[in-house]
Amino acid sequence: MRAIVRVTRRPEIADPPGLTTGRALADLGYGEVAGVRIDRVITIELTTVSAADAKRRVEEMCERLLANPVLEDYSVTIEP
Amino acid sequence: MTIAVAVFPGTNCEMDVVWVLRSLGAEAELAWHRDVDLAGASAVVLPGGFAHGDYLRTGAFARFSPIMAEVERLATAGRPVLGICNGFQILTEAGLLPGAHLANRDLAFICRFVEVEVVDTASVLTAGTQLGQVLRIPLNSYEGNYLDPSGRARLVLRYLEPNPNGAQDGAAAVANTFGNVVGIMPHPERATEALLGSDDGKVLLEAFVRAAVTTPAPAGGARSGVSVV
């Protein structure tokens, strides 16, 4: 079983690397770029049997370590 | 009473801090991050560097190092706790100071002297300064862009020049409500001898040493149930 964790910067929090990447894309001629946010994807291999257990445990990992609650939100997807 | 200077894997400013604290008359000893007992320490400094490689986020792993339970105990008991640069980032990750740090606004590692202005003297770091006093101290960081959506941080030092890194309200140093826990992004320990270009950091660390000596030991242990922020 595998968990895909996506950690995203809250919309109201600045994302300097995303802003800079957006400006660089505009400089390269991609005028349609209206905004860029750089997220983090964490893939966790699990020995867990139950998907519900896996989700609960990985959400706990997010709360404790993988995301900073001041800055970030997260989502967890469990794959077989 | 000893000031403990915490060392995580990747900390690199600990000897500078020990050197300065001793030159100011304090007893200062290194404390490895796996130390679980700081019973002999009256205060603690978390120095700069790249604790645990700054992996995931700055300070994200350091906050789980065994020594942090002791740092929290000292902070909650009202003892002086100072985080410098990466140490400041560890204190926010640990929740001992509100807020968090982002990459600098211009995505540049900043390594130069900056001027900061004292805006609050009621902290263990700024107790020896005057309101409005200007200090020249080196800044040396990539993730110094402090923000505090909660608004609970007490600004104690503010960048005087145009904001170098995008920090909220130009925050160069912030304190908790009680003023005993302070995080500072520039490095006062690198500005303690005129030979190094400035000795403006001395007045800050002198105040910290004084607080470490004079802060009364807590009666009845930690103030349990009292939020340190």
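Everything that follows concerns the structure shown earlier in this document.
Residues numbered from 1 in each chain as written. Chains lettered and ligands numbered in written order. Predicted model: local features only at pLDDT ≥ 70, side-chain atom pairs only at ≥ 80, totals over all residues. Heavy atoms only, no water.

## Quick look at the interface of chain B and chain A
Interface size is commonly expressed as the accessible surface area that is lost when the partners come together.
For step 1, the next point in the chain: Taken together, the contact between chain B and chain A spans 18 residues of the former and 16 residues of the latter.
For step 2, the next point in the chain: Counting the surface lost from both chain B and chain A, the interface buries some 1200 Å², and carbon and sulfur atoms represent 69% of this.
For step 3, the next point in the chain: Taken as a group, B:Leu56, B:Arg57 and B:Leu102 account for 42% of the area that chain B buries against chain A, more than any other trio of residues on that side.
For step 4, the next point in the chain: Here chain B and chain A share one salt bridge between them.
For step 5, the next point in the chain: Seen at the junction of chain B and chain A, the total is four residue pairs in polar contact (both at pLDDT 80 or more).
For step 6, the next point in the chain: Elements supplying a minimum of two residues to the side of chain B that touches chain A: β5 (100-102) and β8 (145-147) of chain B.
For step 7, the next point in the chain: Sorting elements by how many residues they give to the side of chain B that touches chain A places β5(B) first, with three residues.
For step 8, the next point in the chain: Of the residues that constitute the side of chain B that touches chain A, the class distribution is 10 nonpolar, four polar and four charged. (Contact = heavy atoms within 4.5 Å. Buried area = accessible area lost by both parts, 1.4 Å probe. Salt bridge = Lys/Arg side-chain N within 4 Å of Asp/Glu carboxyl O. Polar contact = N/O pair within 3.5 Å; in protein donor to acceptor, adjacent residues only side chain to side chain. Helix = DSSP H or I, 4+ residues; strand = E, 2+ residues; numbered from the N terminus. Nonpolar A, V, L, I, M, F, W, Y, C, P; charged D, E, K, R; others polar.)

## What to know about unusual backbone geometry
All names here are of chain B.
For step 1, the next point in the chain: Phi is positive for Leu56, close to 70 degrees, though the residue is something other than glycine.
For step 2, the next point in the chain: Position of Leu56 relative to the elements: it lies in the loop between β3 (41-46) and α2 (67-76).
For step 3, the next point in the chain: With a relative accessible area of 22%, Leu56 lands in the partly exposed category.
For step 4, the next point in the chain: We note that Asp169 has phi near 55 degrees; this positive angle belongs to a residue other than glycine. (Buried < 20%, exposed > 50% of the residue type's maximum accessible area, 1.4 Å probe, protein only.)

## Describing the sheet that holds strand β1 (residues 2-9) of chain A
Residues and elements named next belong to chain A.
For step 1, the next point in the chain: Overall, antiparallel pairing links the three strands, which are arranged β2-β1-β3 in an open sheet. Pairing within the sheet leaves two strands with one partner each, and these edge strands are β2 (40-45) and β3 (72-79). Averaged over neighbouring strand pairs, the angle between their axes works out to 20 degrees when direction is ignored.
For step 2, the next point in the chain: Strand contacts of helix α2 (residues 51-66): β1, β2 and β3, with the helix running at about 155 degrees to β3, the strand carrying the most contacts. (Pairing = 2+ DSSP bridges. Axes fitted to C-alpha atoms, helices over the stretch in contact; angles between N-to-C directions.)

## Considerations on the layout of surface pockets
For step 1, the next point in the chain: By volume, the largest pocket amounts to about 380 Å³.
For step 2, the next point in the chain: The wall of the largest pocket is formed by 24 residues, among which A:Arg9, A:Arg40, A:Glu72, B:Leu56 and B:Glu143 lie closest to the centre.
For step 3, the next point in the chain: When contributions to the lining of the largest pocket are tallied by element, the ones reaching two or more residues are β1 and α1 (16-27) of chain A together with α3 (86-93) and β5 of chain B.
For step 4, the next point in the chain: Taken together, the residues of the lining of the largest pocket sort by class into 10 nonpolar, six polar and eight charged.
For step 5, the next point in the chain: Estimates place the volume of the second largest pocket at around 270 Å³. (1 Å grid on protein atoms, 1.4 Å probe; cavity = no way out; pocket = protein on both sides within 12 Å on 5 of 7 lines; lining within 4 Å. Points joined across faces, edges and corners; volume = space filled by probe spheres on them.)

## Observations regarding the pattern of salt bridges
All names here are of chain A.
For step 1, the next point in the chain: One pass over the full model with this rule turns up 13 salt bridges over all chains.
For step 2, the next point in the chain: For Arg2, the salt bridge is made with Glu45, and the minimal N-O distance between the two is 3.0 Å. Here Arg2 is found in strand β1, whereas its partner Glu45 is found in strand β2, with 43 residues between them in sequence.
For step 3, the next point in the chain: Residue classification places Glu45 among the exposed residues on the basis of a relative accessible area of 54%.
For step 4, the next point in the chain: The salt bridge involving Asp39 is made with Arg6; its shortest N-O contact spans 2.8 Å.

## Examining the sheet that holds β3(B)
Backbone-to-backbone hydrogen bonds join strands into a sheet, with any given pair of strands oriented parallel or antiparallel.
All names here are of chain B.
For step 1, the next point in the chain: Taking strand neighbours across the sheet as the criterion, the nine strands line up as β2-β1-β3-β4-β11-β10-β9-β6-β7 in an open arrangement whose pairing is mixed. In this open sheet, the two strands that pair with only one neighbour each are β2 (27-32) and β7 (134-141). Across this sheet, the average inter-strand angle for adjacent strands is 25 degrees, counted without regard to direction.
For step 2, the next point in the chain: The pairing of strand β10 (residues 171-175) with strand β11 (residues 181-184) spans three bridges and is classified as antiparallel. Pairing of Ala175 across the sheet is with Val182, part of β11.
For step 3, the next point in the chain: Contacting β1 (2-7), β2, β3 and β4 (81-84), helix α1 (residues 14-23) crosses the sheet at an angle of about 160 degrees to β2.

## A look at the side chain of A:Thr8
For step 1, the next point in the chain: Positionally, A:Thr8 belongs in strand β1.
For step 2, the next point in the chain: When near neighbours in sequence (up to four residues on either side) are disregarded, A:Thr8 contacts A:Asp39, A:Leu71, A:Glu72 and A:Asp73.

## Focus on the side chain of B:Thr126
Residue and element names in this part refer to chain B.
For step 1, the next point in the chain: Note that Thr126 resides in the loop between β6 (110-118) and β7.
For step 2, the next point in the chain: Its relative accessible area of 0% is what places Thr126 among the buried residues.
For step 3, the next point in the chain: A polar side-chain atom of Thr126 sits 2.7 Å from a polar atom in the side chain of Ser123.

## Looking at the nonpolar core
For step 1, the next point in the chain: Of all hydrophobic cores here, the largest spans 67 residues; its most connected members are B:Ile3, B:Phe8, B:Leu21, B:Leu46, B:Leu82 and B:Leu157.
For step 2, the next point in the chain: Broken down by element, the residue count for this core peaks at seven residues, all from helix α4 (residues 202-214) of chain B.
For step 3, the next point in the chain: Leave out the neighbours within four places in its chain, and B:Phe8 touches B:Trp32, B:His33, B:Leu46, B:Ala51, B:His52, B:Ala62, B:Ser65, B:Ile67, B:Met68 and B:Ile90.
For step 4, the next point in the chain: Counting residues in hydrophobic clusters, the runner-up holds 12 residues, among them A:Ala3, A:Ile44, A:Ala54 and A:Ala67. (Core = buried A, V, L, I, M, F, W, Y, C linked by side-chain atoms within 4.5 Å.)

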